[in-house]
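# Structure at a glance
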Amino acid sequence: MSRSEQTGPTPDAEAPAAFDFSALRRFPDVEADNLFAWDPTDELILDSTAARLADPAAWPIAVVGDRYGALALATAARYGRNAGELRVHQDVRSGELALAANAEALGLAGSYTSMPLDAALFEGVRTVLWQLPRNLEELAEVADLIARYAHEDVRLVAGGRVKHMTAAQNTVLAESFGTVQASLAAKKSRLLTASGPLRPSEPSRFPAREFNDELGLWLCAHGATFAGTKLDIGTRFLLTFVEKMKPGAATAIDLGCGSGVIAAYVAANRPELTVVATDQSAAAVASAAATAAANGLAEQMTAVQDDALAGFAPGSAELVVLNPPFHVGGAVHAGAALKLFDAAARVLKPGGELWTVYNHHLDYRAQLERRIGPTWIQGKNPKFTVALSVRSA
Ligand SMILES: C[S@@+](CC[C@H](N)C(=O)[O-])C[C@H]1O[C@@H](n2cnc3c(N)ncnc32)[C@H](O)[C@@H]1O
């Protein structure tokens, strides 16, 4: 039986050793005065689990959703045992890089193990510390994996900002755990704790898969993927321009690929092009690979995890297609899109094309002109603008 209760915050008795959260940086993620490398939820999760983490019987520990290393590095600094017993999964590549850089700077390199989201991450784990995702599909996929593979005594301590939390999160957790408890709010954050994993008998439903009649394509998505198996309405408009994109090109990049919907549509409708789908999110890249396979496009379309094309050679690309992000972590921030415009500018050949879609009010044209080169508006519908920018020599 699932049970959902509400209790007061239950900080453990022992005061944790000091850890200087302000020493953490977000780099290589976007840095700005109003963007931070840790938040009060990290402190609440750590304060509430202090006595537990000090007890060797509560290890191994898995840390999920750690933005820039606050949870993992404070745990390593205060209670560190060995790297194999402190397993960390971050979906986003820039988060992994920031964690590694912060670990190095704090003398904690080698204190944890970064792992993909799979059975090995949770096998035998007795404590999970988790910055809750807002996306319920991501919550469901991770909760299901924990319930399948963690130790039967596992305790899950998940936290989020109150303004981002909903009762639906308790409901989703209760599908995977016998007991789910919500704390009262503290520091504008709240904890959900769960125990009693309900070992599922059915295989995981991820990656989810749905046929899109409009595109004539299967779309596949792991939980953390933007828009899941649905077609974003900005993307829908951008895809109406595929035939006009860089005639004569042999290669294309789907930058920020999500489910791989753009790459798959380009590959299916421009058979002369080979397409690389790339995203900073591991879930997105796995989804794009699944989308390629589901549509028989794996020969023509590959998927690569990377932060803003960092591993792509300068001046190498003929065509980049982009529906840019408008969030940096939880915050709406133009920096995420501008970072990808700069990435395209670096990777495009002179004469190479960037095709972008954006909400009218964002008015990125001047930014595109400045960062890429001459930019022409190719179309507008009631909500979106599609722009073509050509890389200057
Ligand atoms: C608006 S979504 C578009 C997803 C997909 N192309 C679509 O049309 O449905 C933007 C995508 O950019 C990705 N992204 C954000 N910042 C990135 C970065 N620095 N490097 C690579 N991808 C990034 C996000 O993970 C997200 O999947």
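Residues numbered from 1 in each chain as written. Predicted model: local features only at pLDDT ≥ 70, side-chain atom pairs only at ≥ 80, totals over all residues. Heavy atoms only, no water.

### So, the pattern of salt bridges
- Counted under the stated rule, the structure contains 15 salt bridges.
- Put simply, Arg25 and Glu31 hold a salt bridge, and the shortest N to O gap is 2.5 Å.
- Judged by its relative accessible area of 44%, Arg25 is partly exposed.
- Its salt-bridge partner being Asp153, residue Arg126 comes within 3.8 Å of it at the nearest N-O pair. Remark: Asp153 occurs in the loop between α6 (136-149) and β6 (155-161) and Arg126 occurs in the loop between α5 (119-122) and β5 (127-131); sequence separation between them is 27 residues.
- In this structure Arg126 comes out as partly exposed when scored by relative accessible area, which is 26%.
- In this structure Asp153 comes out as partly exposed when scored by relative accessible area, which is 48%. (Salt bridge = Lys/Arg side-chain N within 4 Å of Asp/Glu carboxyl O. Buried < 20%, exposed > 50% of the residue type's maximum accessible area, 1.4 Å probe, protein only. Helix = DSSP H or I, 4+ residues; strand = E, 2+ residues; numbered from the N terminus.)

### Focus on the domain arrangement of the protein chain
- Annotation of the protein chain at the domain level lists domain 1 (3-197) and domain 2 (208-390).
- Each of domain 1 and domain 2 has a C-alpha centre, and these two points are 31 Å apart.
- Taken together, the contact pairs 16 residues of domain 1 with 18 residues of domain 2.
- In total, domain 1 and domain 2 occlude about 1300 Å² of area from one another, counting both sides; carbon and sulfur atoms represent 52% of this. (Domains from an automatic or database assignment. Contact = heavy atoms within 4.5 Å. Buried area = accessible area lost by both parts, 1.4 Å probe.)

### Examining the pairing of β6
- Of all seven residues in β6, five are buried; the element is thus mostly enclosed.
- With five bridges connecting them, β5 and β6 associate as parallel partners. Counted as the bridge partner of Leu129 is Val157 from β6.
- In the sheet, β6 pairs with strand β8 (residues 189-197) via seven bridges, with the strands oriented antiparallel. If you follow Ala158 over to β8, its bridge partner there is Leu192. (Pairing = 2+ DSSP bridges.)

### Here's the deal with the site of the ligand
- The environment of the ligand is made up of 17 residues, and the closest members are Thr235, Gly256, Asp279, Asp307 and Ala308.
- Cys257 places a polar main-chain atom, nitrogen or oxygen, 3.4 Å from a nitrogen atom of the ligand.
- Contact between the ligand and Asp279: an oxygen atom at 2.6 Å from a side-chain N or O atom of the residue.
- In the complex, the protein chains occlude 93% of the 600 Å² of accessible area that the ligand would expose alone.
- At the level of elements, α9 (261-269) and α11 (335-347) are the ones that each hand at least two residues to the shell around the ligand.
- The class makeup of the residues in the shell around the ligand is eight nonpolar, five polar and four charged. (Near = heavy atom within 4 Å. Polar contact = N/O pair within 3.5 Å; in protein donor to acceptor, adjacent residues only side chain to side chain. Areas by Shrake-Rupley, 256 points an atom, 1.4 Å probe, with all protein chains shown as cover. Nonpolar A, V, L, I, M, F, W, Y, C, P; charged D, E, K, R; others polar.)

### Things to note about the nonpolar core
- Among the nonpolar cores identified, the biggest contains 35 residues, and Leu238, Leu239, Met245 and Trp355 are the most heavily contacted of them.
- Sorting the residues of this core by element identifies β10 (217-221), α8 (233-239), α9, β12 (274-279), α10 (282-294), β14 (317-322), β17 (348-359) and β19 (384-390) as the ones contributing at least two each.
- Considering each element in turn, this core owes the most residues, seven residues, to α9.
- Not counting residues within four places of it along the chain, the set of residues in contact with Leu239 comprises Leu215, Leu231, Val261, Ile262 and Tyr265.
- Judged by nonpolar contacts, the second largest core, of 32 residues, contains Tyr68, Ala70, Ala98 and Ala103. (Core = buried A, V, L, I, M, F, W, Y, C linked by side-chain atoms within 4.5 Å.)

### Things to note about the packing of helix α1 (residues 40-48) against helix α3 (residues 70-79)
- Two elements in contact, α1 and α3, have axes separated by 10 Å at closest approach and are oriented at 35°. Note on packing geometry: the crossing formed by α1 with α3 is right-handed. Residue-level contacts link Asp42, Ile45 and Leu46 of α1 to Ala70, Leu71, Ala74, Thr75 and Arg78 of α3.
- Grouping the amino acids of the contact of α1 with α3 by side-chain chemistry returns five nonpolar, one polar and two charged. (Axes fitted to C-alpha atoms, helices over the stretch in contact; angles between N-to-C directions. Left-handed = near helix turned anticlockwise from the far one by under 90°.)

### Brief notes about the side chain of Glu353
- The residue Glu353 is located in strand β17 in this model.
- This buried residue, Glu353, is left without a salt bridge; Lys246 holds the nearest opposite charge, at 5.0 Å.
- There is a polar contact of 2.8 Å between the side chain of Glu353 and the backbone nitrogen of Lys246.
- In this structure the side chain of Glu353 is engaged in a polar contact, spanning 2.8 Å, whose partner is the side chain of Trp355.
- What Glu353 contacts, discounting residues up to four positions off in sequence, is Lys244, Met245, Lys246, Glu318, Leu319, Val320, Leu348, Leu388, Ser389 and Val390. (Lys, Arg positive; Asp, Glu negative; His and termini not counted.)

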